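Breakdown of the fold
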Amino acid sequence: MSNTRTFIDEALEMVSSGEEFVQAMADIYSHTEVRDILMEYPDWIVNIITVTFMVIL
């Protein structure tokens, strides 16, 4: 995984449940750096972000 801290890394440190993580991902796509490295994260994170993005559309 990239050594660069991202919006995802910060959200993971600040939340204490899966529900809070989902809520934290609401503005994920305003953080363009994440798009380039998203596939480096575990599947469950990629899935949450993908679903979040689909709901936003």
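Refer to the structure above for everything that follows.
The following refers to the structure shown. A quick note: this is a predicted structure, and the numbers were derived from the prediction, not measured.

Quick look at the nonpolar core now. Side chains of nonpolar character tend, in soluble globular proteins, to be buried together. The biggest cluster of nonpolar side chains holds 14 residues, and the ones touching the most others in it are I8, F21, M25, I28 and I49. When residues of this core are traced back to their parent elements, those giving at least two are helix 1 (7-14), helix 3 (32-37) and helix 4 (43-56). Counting residues per element, this core draws most heavily on helix 4, which supplies 4 residues.

Moving on, we come to the side chain of D9. For D9, the position within the fold is in helix 1. A distance of 3.1 Å separates polar atoms of two side chains, one belonging to D9 and the other to Y41.

Here A24 lies in helix 2 (residues 18-24). Residues A24 and I8, 16 residues apart in the sequence, show an inter-C-alpha distance of 8.6 Å. Excluding its chain neighbours within four sequence positions, the residues that come into contact with A24 are F7, A11 and V15.

All right, on to the side chain of T6 then. In this fold, T6 is placed in the segment before helix 1. On the basis of relative accessible area, T6 is assigned to the buried category, the value being 1%. Here the side chain of T6 touches Y41 through a polar contact of 2.7 Å, side chain to side chain. Apart from the residues lying within four places of it in its own chain, the contact partners of T6 are E33, V34, I37 and Y41.

Before going further, it helps to spend a moment on the environment of I45. Residue placement: I45 occurs in helix 4. C-alpha of I45 to C-alpha of V22: the two residues are 23 residues apart in sequence and 9.2 Å apart in space.

The rules behind each value
- Residue numbering note: each chain is counted from 1, following its sequence as written.
- Where local features are concerned, this predicted model is filtered to residues with pLDDT of at least 70; where side-chain atom pairs are given and counted, the filter is 80 or more; whole-chain, interface and lining totals use all residues.
- Excluding hydrogens and water, the side-chain figures rest on all heavy atoms present in the structure.
- Buried Ala, Val, Leu, Ile, Met, Phe, Trp, Tyr and Cys residues that are joined via side-chain atoms within 4.5 Å together make up what is termed a nonpolar core.
- Summary of the burial criterion: residues with accessible area below 20% of their type's maximum are buried, those above 50% are exposed, and those between are partly exposed, where the area comes from a 1.4 Å probe applied to protein chains only.
- The way it works is that DSSP assigns letters per residue, a run of H or I at least four long becomes a helix, a run of E at least two long becomes a strand, and they are numbered from the N terminus.
- By the criterion applied in these results, polar contacts are pairs of N or O atoms within 3.5 Å in which, for protein atoms, one can donate a hydrogen and the other can accept it, and in which residues neighboring in sequence qualify only through two side-chain atoms.
- Note on contacts: a residue pair qualifies if any of its non-hydrogen atoms lie within 4.5 Å across the two residues.

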